[in-house]
Amino acid sequence: MVGSPVKTIEGSTLPNMVIYKFKNFAAASQWFYSEEHQEVSIFRNAVTEGWATIVPGISETDDLIQSGYFECKDT
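Residues numbered from 1 in each chain as written. Predicted model: local features only at pLDDT ≥ 70, side-chain atom pairs only at ≥ 80, totals over all residues. Heavy atoms only, no water.

## Remarks on the overall build of the protein chain
Spelled out, the test is: Think of it this way: any DSSP run of H or I at least four residues long counts as a helix, any run of E at least two long counts as a strand, and we number them from the N terminus. Here the radius of gyration uses the C-alpha set of atoms, whereas the globule reference equals 2.2 Å times the residue count to the power 0.38.
Tallying secondary structure elements over the protein chain gives three helices and two strands in all. Reading the protein chain from its N terminus to its C terminus gives the helix and strand order β-β-α-α-α. Compactness check: the protein chain gives a C-alpha radius of gyration of 15 Å against a globular reference of 11 Å for 75 residues, more than 25% above the reference. Counting only C-alpha atoms, the protein chain reaches 35 × 35 × 30 Å along its principal axes.

Below, the structure is given as structure tokens:
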């Protein structure tokens, strides 16, 4: 895990960023949706503003694109 202030050089961002590194995309997804993380998220969302994303490694990107993971779904 890395936590750091952020210096914006283009566009707009929040002033800080936290990055977690996982073995693979599946491990990151499993952690994010875990009961343990959901409990921590309640607290984090109460005291911070921000967003979350999972960025696949280069070796996983083609498989995820082919799976339709990145396609927008109508709501």
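## Topic: the confidence of the model for the protein chain
The predicted structure's coordinates, where accompanied by low pLDDT, should not be read in detail. Threshold: pLDDT is defined as a per-residue confidence score from the predictor, taking values between 0 and 100.
Summing up the model confidence of the protein chain, the mean pLDDT is 86 and the portion of residues at 70 or higher is 96%. In the model of the protein chain, strand E1 (residues 2-5) stands out as the element of lowest mean pLDDT, 79, in contrast to helix H1 (residues 25-32), which has the highest, 93.

## Some points on the environment of Glu71
Within the secondary structure layout, Glu71 lies in the segment after helix H3 (58-67). Each C-alpha atom, one on Glu71 and one on Ser59, is 19 Å from the other, the two residues being twelve residues apart in sequence.

## Observations regarding the layout of surface pockets
We count it as follows: Cavities and pockets are found on a 1 Å grid laid over the protein atoms alone: a cavity is a set of points where a 1.4 Å probe fits but cannot escape, a pocket is an open set with protein on both sides within 12 Å along at least five of seven lines, and a lining residue has an atom within 4 Å of such a point. Grid points are joined across faces, edges and corners, and a volume is the space filled by probe spheres set on the points.
In this structure, the largest pocket spans a volume of roughly 1100 Å³. Mapped onto the lining of the largest pocket, the elements with two or more residues apiece are strand E2 (16-19), H1, helix H2 (35-47) and H3.

## Here's the deal with the packing of aromatic side chains
Short version of the rule: Centre distance within 6.5 Å is the pairing criterion for rings of Phe, Tyr and Trp, where only the six-membered ring of Trp is used; planes under 30 degrees apart are then read as stacked, over 60 as edge-to-face, and the remainder as tilted. Relative accessibility thresholds used throughout: buried, under 20% of the residue-type maximum; exposed, over 50%; partly exposed, between the two (1.4 Å probe, protein chains only).
Within this structure, the stated rule accounts for five aromatic pairs. Measuring from ring centre to ring centre gives 5.3 Å for Phe22 and Trp31, while their planes differ by 40 degrees; the resulting arrangement is tilted. Judged by its relative accessible area of 26%, Trp31 falls in the partly exposed class. Feature note: the residues Tyr20, Phe22 and Trp31 constitute an aromatic cluster, connected by ring pairs.

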